[in-house]
Amino acid sequence: MKLLVTGGAGYIGSVVAAQLVEAGHQVTVLDDLSTGHADAVPAGARFVEGSVTEAADVLPGMDGVLHFAAKSLVGESVEKPGRYWAHNLGGTLALLDAMRSAEVGRIVFSSTAATYGEPERSPILETDPTRPANPYGASKLAVDTALSTFAGLYGLAAVSLRYFNVGGAYTGEDGRVYRERHTVETHLIPNVLAVALGGRDSVSVFGTDYPTSDGTCVRDYIHVADLARAHLLALDACSAGEHKIYNLGNGTGFSVQEVLSVCREVTGHEIPAVMCERRAGDPAVLVASAEKIQRELGWKPEHPSVRDIVADAWAALPR
Ligand code: UFG
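In this report, we go over the structure that sits alongside the text. Each residue is numbered by its place in its chain's sequence as written, counting from 1. With pLDDT at 70 or above as the cut-off, local features in this predicted model cover only qualifying residues; side-chain atom pairs require 80 or more to be listed or tallied, and sums for whole chains, interfaces and linings still use all residues. Based on all heavy atoms of the structure, the side-chain values leave hydrogens and waters out of the count.

**Some points on the site of the ligand**
Then step 1. Around the ligand, the surrounding shell holds 19 residues, and the nearest of these are His187, Ser204, Arg219, Arg279 and Asp282.
Then step 2. Between N or O atoms, a polar contact is any pair within 3.5 Å; within protein, one atom must be a potential hydrogen donor and the other a potential acceptor, and residues adjacent in sequence are included only when both atoms are from side chains. One nitrogen or oxygen atom from the main chain of Thr186 is found 3.3 Å from an oxygen atom belonging to the ligand.
Then step 3. Between Asp282 and the ligand, the recorded distance is 2.6 Å, taken from a side-chain N or O atom to an oxygen atom.
Then step 4. Note that accessible areas follow from Shrake-Rupley with a 1.4 Å probe, and for residues the cover is restricted to the protein chains shown. Out of a free accessible area of 690 Å², the ligand has 91% covered by protein chains.
Then step 5. Note on conventions: DSSP H or I runs of at least 4 residues are helices, E runs of at least 2 residues are strands, and numbering of each starts at the N terminus. Within the residue set of the shell around the ligand, elements represented by two or more residues are α5 (188–196) and β10 (203–206). For each residue, the test is whether any non-hydrogen atom lies within 4 Å of the molecule or strand; if one does, the residue is near.

Listed below in structure tokens is the structure:
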């Protein structure tokens, strides 16, 4: 297929673009490089520098879109909500309009566990209430809602994948390594590994009084290679007039302390940790039920262990 990957110079988008090229698709990456890196675009893909609002120029002749381009910092979204509504919802609406004009009827969208907010139960099912606790999650949920509307009204074929906590690195068939490298890094695993690498003295543990086994937050970590593979399955599962939503996690929770121990084991570094106050807006436990995507799309993780995720992220870091 001829496919447009928006945000394909970012961490997840570049891994999906690489897997699409490897699967024989013709891939065009559209990325404004606001947070992505031009050198993350896979060798076999065409790269166009530009924002999603310029998608009309590249859409003619495409068979589908994989849409990653977005603002994704929860804290920033609380301080600057307008930016999140404009980029994430406004940008996607512009993209959907351009898709209609160019008669491109298929989209796979990068949604998030943040659409659920504080869950009532664990693991979270796709049918559970969506009550996002921040503008980031709200803007992604608004896109999910728009996709449902566009599917019903215009026959769009859409799939939303709701990511839980993505980590690890991907080594392409050509040996190239794709890894997480955010200029502003808020995520746990890269922050912990930065200490082991010597870039920071200690890592902060945000909150030790949660109602969990050791008092720290529990999350469902998924390997970026497994996550990316789900996009290829989702692309094939797109069906005109339908919007399908799938959680993407492993269905198992690990606490911040457990992740820290795995990182200490993998790196052999003591990784000093400083116990801090809770970070605003963090739910105690976020674990996916991945039963639906396993059942309907036949998705199965190849690297379900946090050890693999941490080991691959660690091996990919430049020293
Ligand atoms: N944490 C720390 N120290 C750090 C970084 C994180 O203790 O330096 C803790 C957080 O408080 C949280 C856990 O580690 O309890 C995981 O935090 P991340 O920032 O790695 O991930 P989140 O669970 O906050 O965020 C992920 C996605 C978001 C998405 C969110 C859904 O990265 O895009 O899940 O709630 F919005």
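**Some points on the state of the cysteines**
Then step 1. When the sulfur atoms of two cysteines come within 2.5 Å, that pair is taken as a disulfide. On inspection of all chains with the given rule, the structure shows zero disulfides.
Then step 2. Free cysteine: Cys217, not disulfide-bonded; nearest cysteine sulfur from Cys276 at 13 Å.
Then step 3. Exposure is judged per residue with a 1.4 Å probe applied to protein chains only, and the accessible area is read against the type maximum: over 50% gives exposed, under 20% gives buried, and values in between give partly exposed. Looking at Cys276, the relative accessible area reads 24%, which means it is partly exposed.

**Examining the pairing of β10**
Then step 1. The alternating pattern of β10 places Val203 and Val205 on a buried face and Ser204 and Phe206 on a face that is not buried.
Then step 2. Only strands joined by at least two bridges in the DSSP assignment are considered to pair. Across four bridges, β10 lies against strand β15 (residues 273–276) in parallel orientation. Looking at the pairing, Ser204 lines up with Val274 of β15.

**With respect to the pairing of strand β1 (residues 2–6)**
Then step 1. Burial analysis of β1 places four of its five residues in the buried class, the great majority of the element.
Then step 2. Inspection of the sheet shows β1 paired to strand β2 (residues 26–31) by five bridges, in the parallel sense. Bridge assignment links Lys2 to a residue of β2, and that residue is Gln26.
Then step 3. Note that β1 and strand β4 (residues 64–67) share four bridges and pair parallel. In the sheet register, Val5 faces β4, and the bridge partner there is Leu66.

**Some points on the sheet that holds β2**
Then step 1. Strand order in the open sheet made by the seven strands is β3-β2-β1-β4-β5-β6-β13, with parallel pairing throughout. Since the sheet does not close on itself, it has two edges, and those belong to β3 (46–49) and β13 (243–248), each with one partner. Between one strand axis and the next, the sheet turns through 20 degrees on average, direction left out of account.
Then step 2. Residue contacts are counted whenever heavy atoms from the two residues lie within 4.5 Å of one another. To obtain each axis, a line is fitted to C-alpha atoms, and for helices this fit is confined to the stretch in contact; angles are then taken between N-to-C directions over 0 to 180 degrees. Across the face of the sheet, helix α4 (residues 135–154) comes into contact with β5 (106–112), β6 (157–163) and β13 while running at roughly 155 degrees to β5.

**Observations concerning the layout of surface pockets**
Then step 1. Taken as a whole, the second largest pocket spans an internal volume of roughly 320 Å³.
Then step 2. At the level of elements, α5 and α9 (306–316) are the ones that each hand at least two residues to the lining of the second largest pocket.
Then step 3. Of all the elements, α5 adds the most residues to the lining of the second largest pocket, at five residues.
Then step 4. Each residue gets one of three labels, nonpolar for Ala, Val, Leu, Ile, Met, Phe, Trp, Tyr, Cys and Pro, charged for Asp, Glu, Lys and Arg, and polar for the others, Gly among them. Here the residues of the lining of the second largest pocket are counted per class, giving nine nonpolar, three polar and five charged. Definitions used for this entry: grid spacing 1 Å over protein atoms alone; cavity, a set of points where a 1.4 Å probe fits but cannot get out; pocket, an open set with protein on both sides within 12 Å along at least 5 of 7 lines; lining residue, one with an atom within 4 Å of a point. Grid points are joined across faces, edges and corners, and a volume is the space filled by probe spheres set on the points.

**So, unusual backbone geometry**
Then step 1. Here the bond from Ser122 into Pro123 is cis, since omega is 0 degrees, no more than 30 degrees from zero.
Then step 2. Looking at where Pro123 falls in the secondary structure, it is placed in the loop between β5 and α4.
Then step 3. Not every positive phi belongs to a glycine, and Leu33 is a case in point at roughly 60 degrees.
Then step 4. As for its placement among the helices and strands, Leu33 is situated in the loop between β2 and β3.
Then step 5. On the basis of relative accessibility, which here comes to 25%, the residue Leu33 falls in the partly exposed class.

Distances and angles like these do not, on their own, reveal function.
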